[in-house]
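Examining the three-dimensional arrangement
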Amino acid sequence: MWSASSIRFGAFLAPYHPLDADPALQLRRDIDLMTHLDHLGFEEAWMGEHHSTGAEIVPAPDMFIAAAAERTERIQFGTGVTSLPYHHPLITADRITQLDLQTRGRLIFGTGPGKIPLDAHMMGINPSDQRRRQGEALEAILALLRGEVVNMETDWFTLRDARAQLPTYRADGIETVTASTISPNGSVLAGKNGLSLLSLAASSPSGFDALDRNWDVYEKVSAEHGHHADRATWRVVNPMFIAETRAEAERAVSRRIGSMASYVNRQTGQNPAWADTPAGIIDQWRNDTLGEFGQAIIGTPEDAIAQIERLIEKTGGFGTFLILHVDMASWEDTKRSYELFASEVVPHFRKRNVGRQASMQFAEDNREYLIGGLVGAITKAHTDYYGQPAETGAVRA
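About the criteria used
- All chains use their own residue numbering, which begins from 1 and follows the written sequence.
- Where local features are concerned, this predicted model is filtered to residues with pLDDT of at least 70; where side-chain atom pairs are given and counted, the filter is 80 or more; whole-chain, interface and lining totals use all residues.
- Side-chain calculation: all heavy atoms of the structure are included, whereas hydrogens and water are not.
- UniProt positions are given in the numbering used here, feature names are shortened, and annotations may be inferred rather than shown by experiment.
- Counted as salt bridges are all cases of a side-chain nitrogen of Lys or Arg within 4 Å of a carboxyl oxygen of Asp or Glu.
- Helical segments are the DSSP runs of H or I of at least four residues, strand segments are the runs of E of at least two, and each set is numbered from the N terminus.
- Buried means the residue's accessible area, taken with a 1.4 Å probe over protein chains only, is under 20% of the maximum for its type, while exposed means over 50%, and partly exposed covers the values in between.
- All domain edges in this entry derive from an automatic or database-based domain assignment.
- The length a helix should cover is 1.5 Å for every residue beyond the first.
- Any pair of residues with heavy atoms lying within 4.5 Å of one another is described as a contacting pair.
- Note on charges: Lys and Arg go in the positive column, Asp and Glu in the negative column, and His and the chain ends are not counted at all.
- In protein, a polar contact means a hydrogen-donor-capable atom and an acceptor-capable atom, both N or O and within 3.5 Å, with residues adjacent in sequence counting only if both atoms are side-chain atoms; elsewhere, any N or O pair within 3.5 Å suffices.
- Buried Ala, Val, Leu, Ile, Met, Phe, Trp, Tyr and Cys residues form a nonpolar core when they are joined through side-chain atoms within 4.5 Å.
- Throughout, an axis means a line fitted to C-alpha atoms (over the contacting stretch in the case of helices), and angles, computed between N-to-C directions, take values from 0 to 180 degrees.
- Here roughly perpendicular refers to angles of 65 to 115 degrees, roughly parallel to angles under 35, roughly antiparallel to angles over 145, and oblique to all remaining angles.
- Two helices crossing with the near one rotated counterclockwise from the far one by less than a right angle form a left-handed crossing, whereas a clockwise rotation gives a right-handed crossing.
- Pairs of strands are assigned from DSSP output, requiring at least two bridges between the strands.
- By definition, the crossover connecting two strands over a helix is right-handed if that path, from the first strand to the second, turns clockwise as seen with the strands pointing away from the viewer.
- Grouping into patches uses exposed residues only, defined as over 30% relative accessible area, and leaves out salt-bridged ones; the cut-off is 9 Å for like charges and 5 Å for nonpolar side chains (Val, Leu, Ile, Met, Phe, Trp, Tyr).
- We get accessible surface area from the Shrake-Rupley algorithm with a probe of 1.4 Å; when it comes to residues, only the shown protein chains can shield them.

Per an unreviewed UniProt entry, the recorded name for the protein is Flavin-dependent oxidoreductase, and the organism is Rhodococcus erythropolis. Heading Sequence similarities (unreviewed entry) of the UniProt record for the protein holds this comment: "Belongs to the bacterial luciferase oxidoreductase family."

When charged atoms on two side chains of opposite charge get close, those side chains can pair. Applying the stated criterion to the full structure yields 22 salt bridges. For K115, the salt bridge goes to E56, with nearest N and O atoms at 3.4 Å. Of the two residues, K115 sits in the loop between strand 5 (107-112) and helix 4 (117-122) while E56 sits in the loop between strand 2 (44-47) and helix 2 (61-69), which places them 59 residues apart along the sequence. Between E136 and R132 there is a salt bridge, and its shortest N-O distance comes to 3.0 Å. Here E136 and its partner R132 are both found in helix 5 (residues 130-145), four residues apart, which amounts to about one turn of the helix. The exposure class of E136 is buried, given its relative accessible area of 18%. By relative accessible area, R132 is classed as partly exposed at 32%. Residues joined by salt bridges that share partners form a network here, namely R8, E44, E175 and R235.

Time to look at the domain arrangement of the protein. Partitioning the protein into structural domains gives domain 1 (8-354) and domain 2 (355-396). Here the C-alpha centroids of domain 1 and domain 2 sit 56 Å apart.

Once that is clear, we can look at helix 9 (residues 257-268). The end-to-end C-alpha distance of helix 9, which contains twelve residues, comes to 17 Å, matching closely the 16 Å that a straight helix rising 1.5 Å per residue would cover. I257, M260, A261, Y263, V264 and N265 are the residues of helix 9 that are buried. The elements touched by buried residues of helix 9 are strand 1 (8-16), helix 8 (246-254), helix 10 (278-286), strand 11 (297-299) and strand 12 (320-326). G269 sits one or two positions beyond helix 9 and adopts a positive phi of about 75°.

With that settled, the discussion passes to the side chain of D100. Relative to the helices and strands, D100 is located in helix 3 (residues 89-102). Despite its burial, D100 pairs with no opposite charge; the closest candidate is R170, at 5.5 Å N-O. Among the polar contacts listed, one links the side chain of D100 to the backbone nitrogen of Y169, at a separation of 2.7 Å. Contacts of D100, omitting those with residues within four sequence positions, involve G105, R106, L107, T168, Y169, R170 and I174.

Our focus in this paragraph is the nonpolar core. Ranked by internal contacts, the top residues of the largest apolar core, which has 70 residues, are I308, F321 and F341. By residue number, the principal contributor to this core is helix 5, which donates eight residues. Those residues in contact with I308, other than ones at most four positions away along the chain, are F9, M240, F318, F321, F341, V345 and F349. With 32 residues, the next largest nonpolar core counts W46, L198, V326 and M328 among its residues.

Relative orientation of the contacting elements helix 1 (residues 23-40) and helix 12 (residues 331-350) amounts to 25°, with a least axis distance of 10 Å. Judged by the inter-axis angle, helix 1 sits roughly parallel to helix 12. Viewed along their axes, helix 1 and helix 12 form a crossing whose handedness is right-handed. Between helix 1 and helix 12, the residues in contact are R29, D32, L33, H36, L37 and L40 and W331, K335, Y338, E339 and A342, respectively.

Moving on to the pairing of strand 6 (residues 150-153). Only one face of strand 6 is buried, namely the one carrying V150 and M152, since none of N151 and E153 on the opposite face is buried. Across three bridges, strand 6 lies against strand 7 (residues 158-162) in antiparallel orientation. Looking at the pairing, M152 lines up with L159 of strand 7. What sits between the antiparallel neighbours strand 6 and strand 7 is a turn of four residues.

This paragraph deals with the side chain of S83. Tracing the chain through its elements places S83 in strand 4 (residues 82-83). Judged by relative accessible area, which is 3%, S83 ranks as buried.

So, about the pairing of strand 1. Within strand 1, eight of the nine residues are buried, which leaves it mostly tucked inside the rest of the structure. In the sheet, strand 1 pairs with strand 12 via seven bridges, with the strands oriented parallel. By the bridge assignment, R8 is partnered in strand 12 with T320. Relative to strand 2, strand 1 runs parallel, the two sharing four bridges. Each residue of the ladder has a partner; that of A11, found in strand 2, is A45. Between the parallel pair strand 1 and strand 2, the chain is carried across by helix 1, and the sense of this crossover is right-handed.

As a further point, take a nonpolar patch on the surface. Taken together, the side chains of F362, Y369 and L370 make up a nonpolar region of the molecular surface, amounting to roughly 370 Å² of accessible area. As for its position among the elements, L370 is in helix 14 (residues 367-386).

Pasting the structure below:
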């Protein structure tokens with residue numbers, strides 16, 4: 001039986017960075033964020049793969065994870081996601097098994113067809129072929145990860161007596177995840193192969209509307225292929241930045257949010273009036289219907305809780321909530337956002353303070369009896385020592 005108290009929490013990084021800052025420092029900050037998340041107790045951190053357009057600056061998530069894993073202790077890392085049509089399946093399987101061993105089993109293998117059109121264009125890949133290639137690559141990679149010898153030929157790769165020479169760290173293998181947005185393609189692919197599901201567009205209205213439909217498809221296809229659709233392995237993504245007040249959250253993002261809005265709008269050829277001011281961007285992102293980031297939370301822990309509860313109501317329950325990280329605040333404000341999330345949002349769903357609240361309630365409900373007993377004990381101790389009762393005002397001291 002699914003319970004909200006079992007939800008795991010993490011961060012999903014494309015990563016989105018402004019185009020006017022030092023990429024070397026941005027990469028270091030992303031690694032620093034991994035150690036911060038690990039310290040705060042987040043369970044997962046995901047890093048994407050992109051090759052163009054300037055803002056999403058990690059082309060090799062496995063290299064990033066290898067560095068971050070050496071600086072952390074317990075957090076799991078996901079490739080978010082490895083774009084399968086861009087790589088030969090044997091090379092992908094080899095790199096993933098090596099990374100799984102290096103991280104001692106802290107790896108989640110996230111897969112997808114590739115997102116940015118310019119990436120595919122530069123490699124001469126027809127966008128209409130990407131999802132087909134994703135399915136073909138996944139078939140080969142899963143067989144290699146199972147230790148099978150694979151012979152397979154397509155119009156873009158050949159495998160001859162191919163095998164992955166390294167084992168996975170755990171006997172049951174590496175958790176493999178397929179990305180899903182609005183169409184049922186990801187759900188079908190995940191259900192067919194017995195993989196976990198990652199809903200990347202949960203915050204956009206169209207993606208939000210598709211959540212329950214895509215889960216139904218996933219359950220149906222999983223059952224048809226003899227697999228169990230487990231909500232505990234379902235991940236949903238939503239952008240969030242929080243502070244003590246909405247005004248403080250707006251202040252924290254106001255200087256750099258324009259750069260991120262420009263990145264999105266330049267790709268779509270738009271120059272909307274709302275993008276002229278930080279306040280206009282914030283208002284738009286909070287209520288976006290079509291944009292890159294969907295309906296973002298820029299507010300308080302209470303706003304974050306309300307949005308997660310909305311996602312739970314829509315989906316019927318999922319296993320992991322991932323904050324879509326957008327680099328739009330100072331390092332100190334960014335750290336504080338995650339600290340607030342860990343200290344106030346996570347405990348709400350984990351029900352970690354139920355015992356403390358019950359203890360306080362009992363003390364309040366029985367204060368006359370409890371304080372009366374305390375007063376009596378103090379009075380008796382005073383009388384026993386001094387031979388007379390204490391003055392009334394000193395009894396509680």
